[in-house]
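Now for the letters of each chain:
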Amino acid sequence: QVQLVESGGGLVQAGDSLRLSCTASGYTFSDASMGWFRQAPGMARQFVAGISTAATNTYYVDSVKGRFTISRDNAKNTVSLQMNSLKPEDTAVYYCAADIPPWGTSWESRWDYWGQGTQVTVSS
């Protein structure tokens, strides 16, 4: 069974940092692009960050560039999202996702597997 399990969410103040982690199982982790999405109340799910299989390419939505960093450890089947300088508008449920081969043609295209999400709340 494929499982993606997120951890690290919580309640922080604006300007603080959080590190989210996702541990995957049930598929060949090193063959999959990995990504983070988020969904705020009343809003559509939004792509946040993606990383290629060997971490040679990363991509971020404009609103988090320079503040968030995605990374992966293929030996541990984990992908992380370091979030610095958090803003209230970053408040959302954050989801880990996997894109197995054949990979999507863009970072916003279809993803194959999803975690259950972890809540991030940033107070002003």
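Look above for the structure.
Now for a description of the structure that goes with this document. As the structure is a computational prediction, the values presented were derived from the model and not from experiment.

### Digging into the overall build of the protein
- For the protein, the count of helices and strands is zero helices and 11 strands.
- When its helices and strands are written in sequence order, the protein yields β-β-β-β-β-β-β-β-β-β-β.
- Here the protein has a C-alpha radius of gyration of 14 Å; the compact-globule value for 124 residues is 14 Å, and the two agree.
- Dimensions of the protein along its principal axes, counting C-alpha atoms only, are 40 × 25 × 25 Å.
- By residue count, 41% of the 124 residues in the protein fall in the buried class.
- In the protein, once contacts between residues fewer than 6 apart in sequence are set aside, the share between residues at least 24 apart is 58%.
- Counting only carbon and sulfur atoms, one obtains 49% of the accessible surface of the protein, whose full area is about 6300 Å².
- With 9 positive and 10 negative side-chain charges, the protein shows a separation of 2 Å between the mean positions of the two kinds.

### What about the packing of aromatic side chains?
- The full count for this structure, using the stated rule, is seven aromatic pairs.
- Between Y27 and F29, the ring centres sit 6.3 Å apart and the planes meet at 40°, which makes this aromatic pair tilted.
- Residue Y27 is classed as buried on the basis of its relative accessible area of 14%.
- A connected cluster of aromatic rings, assembled from ring pairs, spans F37, F47, Y59, W107, W111 and W114.
- When the ring centre of W114 is taken as reference, the NZ or CZ atom of R45 above it lies at 3.7 Å.

### Quick look at the environment of T58
- Structurally, the position occupied by T58 is in strand β6 (residues 58-60).
- With a relative accessible area of 34%, T58 lands in the partly exposed category.
- Discounting residues that sit within four places of it in the chain, T58 has contacts with G50, I51 and I70.

### Quick look at the sheet that holds strand β3 (residues 18-25)
- Strand order in the open sheet made by the four strands is β1-β3-β8-β7, with antiparallel pairing throughout. Each edge of the sheet is formed by a strand with only one pairing partner; in this case those strands are β1 (3-7) and β7 (68-73). Ignoring strand direction, the axes of neighbouring strands in this sheet form an average angle of 15°.

Here is what the cut-offs are and how they apply
Residues numbered from 1 in each chain as written. Predicted model: local features only at pLDDT ≥ 70, side-chain atom pairs only at ≥ 80, totals over all residues. Heavy atoms only, no water. Helix = DSSP H or I, 4+ residues; strand = E, 2+ residues; numbered from the N terminus. Rg over C-alpha atoms; globule rule 2.2 N^0.38 Å. Buried < 20%, exposed > 50% of the residue type's maximum accessible area, 1.4 Å probe, protein only. Contact = heavy atoms within 4.5 Å. Areas by Shrake-Rupley, 256 points an atom, 1.4 Å probe, with all protein chains shown as cover. Lys, Arg positive; Asp, Glu negative; His and termini not counted. Charge placed at Lys NZ, Arg CZ, Asp CG, Glu CD. Phe/Tyr/Trp six-rings, centres within 6.5 Å; stacked < 30°, edge-to-face > 60°. Lys NZ or Arg CZ within 6 Å of the ring centre and 35° of its normal. Pairing = 2+ DSSP bridges. Axes fitted to C-alpha atoms, helices over the stretch in contact; angles between N-to-C directions.

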